[in-house]
Amino acid sequence: METHLITLTFQECNVRYGLAPAELHEFLQAGLLRAAPAPETVIVDEPDELPRLARLYHELSLPPEALDVILAMRQRLVRLQALLAHETARARQLENFLRGNGAVEEL
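Note that the structure is a prediction, hence the values are computed from the model and not measured. (Residues numbered from 1 in each chain as written. Predicted model: local features only at pLDDT ≥ 70, side-chain atom pairs only at ≥ 80, totals over all residues. Heavy atoms only, no water.)

Residue-level account of the overall build of the protein chain, with values.
Helices and strands together make up the secondary structure of the protein chain, namely four helices and three strands. Its helices and strands in sequence order give the protein chain the pattern β-α-α-β-β-α-α, from N to C terminus. Computed over the C-alpha atoms, the radius of gyration of the protein chain is 20 Å, more than 25% above the 13 Å expected from 2.2 N^0.38 for a compact globule of 107 residues. In terms of its C-alpha atoms, the protein chain occupies a principal-axis envelope of roughly 60 × 30 × 20 Å. In the protein chain, the 10 positive side-chain charges and the 16 negative ones have mean positions that sit 8 Å from each other. (Helix = DSSP H or I, 4+ residues; strand = E, 2+ residues; numbered from the N terminus. Rg over C-alpha atoms; globule rule 2.2 N^0.38 Å. Lys, Arg positive; Asp, Glu negative; His and termini not counted. Charge placed at Lys NZ, Arg CZ, Asp CG, Glu CD.)

Right, dumping it as structure tokens:
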């Protein structure tokens, strides 16, 4: 999975997602976001990460520590879903091989 880095200013985060600078500093301290080299900017590793973070923060009023747990669980779920899809494809391939319908190839 390819990662796309996005750099946003605190002002952009405030306008787009309703996150005040104080809230962004809390997220930086909690490790939810990374500081960019320029002052008052953040780096977002995943395009959907900041909107998701803002939505959880605003709609559920969760503290940064809880947001960290939720986002970590989501990342683990995404990895497990990808692994399940890979193993399902592998099992399907082996079933086809046993039926004589194809060769076993590395996925």
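So what's going on with the environment of Ile6? Residues and values would help.
Tracing the backbone shows Ile6 in strand S1 (residues 6-9). Separated by 40 residues in the primary sequence, Ile6 and Glu46 place their C-alpha atoms 7.6 Å from one another. Residue contacts for Ile6: discarding those within four places in its chain leaves Val42, Ile43, Val44 and Pro47. (Contact = heavy atoms within 4.5 Å.)

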